[in-house]
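# Architecture at a glance
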Amino acid sequence: MLPENCMLALHGGRQVVVDEHGDVSPENDHCGIYSDDHRYLRGVDLRVDDASGEVRWERLGRASDGDAVTTVLTSSTDGPARGDTRAWTLTKQFSIDRDGVTVTFGIQNNTNETRGCELEVTIDPGFEHIFEVESFFSARDARDRPVTATRLDEGTVRYTAKGVDETERSVSIETNRDDTDDANESVQVESDETAVVSATQTVGPATTESLSFTISLPGDAIDVPSVDVAPADIDPRHRSLASAASEALDALLLPEGVPAAGAPRFVAPFGRDSLIVGYQLLAFDASVAERTLRFLASEQGTDAISDTLEEPGKILHEHRTGDLTEAGISLRRPYYGNIDATALFVALYADAVEAQVSDSLEDDLYESATAAVEWILDTADEDGFLRYDAHDHPYGLNHLGWKDSSEALAHPDGREPTGRIALSEVQGYSYRALRAFEPIAREHGDEELADACGELADRLFDSFEAQFWVPSEGCYALALDGSERIPSVATNQTHAFWGGLGTDERVESAVDRLLEPDVLTSSGLRTFAGDHEAFDPLSYHRGSVWPHDNSLAALGFAERGFDHAAELVAERSLDALGDSLTRAQPNRFGFPELFTGLNETVPNGYLVHPDSCEPAAWAAGSVFGFLTAHPEVRLGDNRMS
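Residues numbered from 1 in each chain as written. Predicted model: local features only at pLDDT ≥ 70, side-chain atom pairs only at ≥ 80, totals over all residues. Heavy atoms only, no water.

Bridge analysis of strand β6 (residues 57–64) against strand β7 (residues 68–75) gives 7 bridges, and the strand direction is antiparallel. Paired with alanine 63 across the bridge in β7 is threonine 70. (Pairing = 2+ DSSP bridges. Helix = DSSP H or I, 4+ residues; strand = E, 2+ residues; numbered from the N terminus.)

Written out as C-alpha cells, the structure reads:
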C-alpha cells in the first residue's frame, strides 16, 4: 500500500505516484511514473528560486482525480506575524493522457508587485522493472540498464535504455514552448542520465505563470472503456459510494478492457480478480464480464509448461509485461499459478449467457468454455475435488487459491497444511461451473460432455458433504490437506455456499456460526475465526477482512435464502468502504483490498492495513456485489432473476 504521504494518479495501466509535496521524488521509493510494468522515471523534482533564494513550501491541499493528481502549496510567510504575506502559491499537476503524462507547474504571485523566479525541474530516469522496485513485495535484485540522455533540440530530451531483453525503450520529455513568446523554457542534459527543464518567469501581481512539458512513454496511445452504471439502478443511500466505486474501476481498467487487480503494484490482468469483478458488476454493467471473458479466452492455456503451470484449457493467474518477461526471466508471462480461475471462468460464462449479455458471446466462447470444462474434468480427483501442490519454483506460489500468501492456510492451532490441498471455495466454484455449463452443453449437442458435468457435480456434492463437515463447529472445513481435514472456521466456506454446495440444514448452521462475534466484525466477516489460536487480525489472510470475500459471502447467503445474513454483511461492509473514502485523506481512491480484523471503537474503514492495495478492483466491485445481494435494494430491470 502507498504510504499516507504519497498520492496516485491512475489510468489505462499507467501510474504517477507523487510525494507529500507533489513531486516524483527519487528519495521516495514509491514515487515514479509507471507504464507496462516499468518505472520509467523515478524523479520529476521541482525547485523554485526567487530574489531571496530557494523558496520553501507548505502544502495547502491535494487531490487525485483518477487520471490526474494535483498538489497546491504556498510559500512561507515573509514575517513572523499572523496574516503576513505568503508571496507565492504553487500548483503541481501530473495528468495521464493517451500518449503519456502532461506535467504543469503553475506559480502565482500573491503580492502587489511584479516578482521574478526561476523554476528548475530535475528529471531522473528509472527503467527498472516493477519487480525490482524496492517498495514492491519481495523486490528482486536490480539489473543494469544503461541509460543515455540525448538533447534533441532546445525543448526536447530523450532517455534511452537497453533492457535485459536487449530491446531499447525510450522516454521523451518535450517542453510546451511557444516560439512567439520569449521561449524561455528549455531542457538541458546535465549528465548521461539526468536532464533539467528550466524556465525564468516574470509574474505580475495576482498573476499566474506556468511551466509545462509532456512525457511520452513507450507503447501505443491508450484508449480504454469505462464502467457504465445507471444511478437509477442504485438505492439512493448508496449512490455516492457506487459512483466512487465506478470511478475507481474506471481508473483501473486496462487497454484490454479488463480491470487491473489493484494499484500501485498489481496494475496488470489477473484472472481470478477480473472474473470476480465481472460477477460483482454483472447486474449493473455486464460489458465488464464480457470483455474479461473474451480477454481470458484469448490467453487460455494450450500447452503443458511446468515452469508457468500452463495447461490446456487453464485460465491465467497473472500476466505481466516488460523486459523481465520478454527475456523469459519472470514466470508472469503469463503465469497460470491458480486452482480456481478456470472454474470461475466457466461459471461466469454460463451466467453471462443466461443473462444474455450479448448475442454472440455464447457461440464465440463456447469452445473456450468447453476447453476449461475439460480441464476441470481431467484435473478432478476420484472424489471430484480440485487440488493443488505448492509450486516448487523460486518465483512460484505456495498456495493457489485466492488466499495465496505463504501463511494463508492454517489449522486452528496454527499447524500448516501438508500435501495436496483441496480448498472449500474452489469446490464451490467447480460445482457452480459444472451445473451451469451442463445445459449449455446439451443445447450444443454435446450430450457426452453434459453427462460428464452432471456426474462429476453429483460426486463432488456427496464428497463435500462426507469430508468437509465439522460437527464440533457446526460448519464446513476450510480445506482438506494431504492427510486430514483443516477444520478452521473461515470465509472460504461461504464461497462454496455461493457455488451451491452444502445441504440447506448444514448451510444454515454454518451461517449461524459465521455470524458469531469472533468472525463478524463492524466491517464484515474475518477471513479466519478469532477464537482459533492461529488468528491474527493484522495478518494478510488469517483474520483480516476482505470486501470482495464478503461480497461473495453476501451473494451466497442471498442465493441460499439467508437474507438476514446477506443484509448484515452487506450493510457493515458498505459502511466500512464508505469510511475508506473519508479516512483522513479525502480525494484518495479508497477501496482498499483488505481491512484489519480489529473490531474496536475506531471504524475499520479508517484503519490502514499496511499490505493493502488501494484501490483494488474487487474491493470497488464489491460495492455492486453487496447491492446485488442486499434484499432491500431495488435494481430495476437490470436485476438478474
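Our next topic: the sheet that holds strand β12 (residues 156–162). If you walk across this open sheet you meet the 8 strands as β6-β7-β8-β9-β16-β13-β12-β11, and the pairing is antiparallel. Of all the strands in the sheet, just β6 and β11 (147–153) have a single pairing partner and so form its edges. Strand-to-strand twist across the sheet, computed as the mean angle between neighbouring axes with direction ignored, equals 15 degrees. (Axes fitted to C-alpha atoms, helices over the stretch in contact; angles between N-to-C directions.)

Here we take up the state of the cysteines. A full pass over the atoms with the stated rule returns 0 disulfides. Free cysteine cysteine 31: the closest other cysteine sulfur is in cysteine 6, separated by 4.5 Å. Residue cysteine 31 is classed as buried on the basis of its relative accessible area of 0%. (Disulfide = S-S within 2.5 Å. Buried < 20%, exposed > 50% of the residue type's maximum accessible area, 1.4 Å probe, protein only.)

Assignment of secondary structure puts valine 357 in the loop between α5 (341–354) and α6 (361–379). When its relative accessible area of 21% is taken as the criterion, valine 357 is described as partly exposed. Valine 357 has contacts with Leu282, Ala286, Glu290 and Ala352, leaving out every residue within four places of it along the chain. (Contact = heavy atoms within 4.5 Å.)

Predicted confidence across the protein gives a mean pLDDT of 91, with 94% of residues reaching 70 or more. Below a pLDDT of 50 lies the segment residues 634–641, which in the model reaches 14 contacts outside its immediate sequence neighbourhood of four places, other chains included. (pLDDT = per-residue confidence, 0-100.)

Counting residues in hydrophobic clusters, the biggest one holds 158 residues, and the most contacted among them are Phe437, Phe557, Phe591, Val623 and Phe624. It is α5 that provides the largest number of residues to this core, a total of 11 residues. In this structure phenylalanine 557 touches Thr494, Phe497, Val511, Leu514, Leu525, Phe562, Asp563, Ala565, Ala566 and Val569, once residues within four positions along its chain are discounted. The next biggest cluster of nonpolar side chains, apart from the first, holds 46 residues, and it includes Tyr40, Val44, Ala161 and Val187. (Core = buried A, V, L, I, M, F, W, Y, C linked by side-chain atoms within 4.5 Å.)

Tracing the backbone shows serine 463 in helix α8 (residues 447–468). With a relative accessible area of 9%, serine 463 lands in the buried category. When sequence neighbours within four positions are dropped, the list of residues in contact with serine 463 reads Asp383, Phe385 and Phe468.

Another point: the sheet that holds strand β19 (residues 422–423). Adjacent strands of a sheet pair through backbone hydrogen bonds, lying either parallel or antiparallel. Across the sheet, 3 strands lie side by side as β19-β22-β23; this open sheet has antiparallel pairing. Edge positions in the sheet fall to β19 and β23 (485–486), since each of these pairs with one other strand and no more.

This part is about the pattern of salt bridges. As enumerated under the stated definition, the model contains 40 salt bridges in all. The closest approach of N and O atoms between arginine 47 and aspartate 49, which form a salt bridge, is 2.8 Å. Accessibility expressed as a relative area gives 36% for arginine 47, which makes it partly exposed. In this structure, a network of salt bridges that share partners links the residues Arg435, Glu438, Arg442, Glu447, Asp451 and Asp458. (Salt bridge = Lys/Arg side-chain N within 4 Å of Asp/Glu carboxyl O.)

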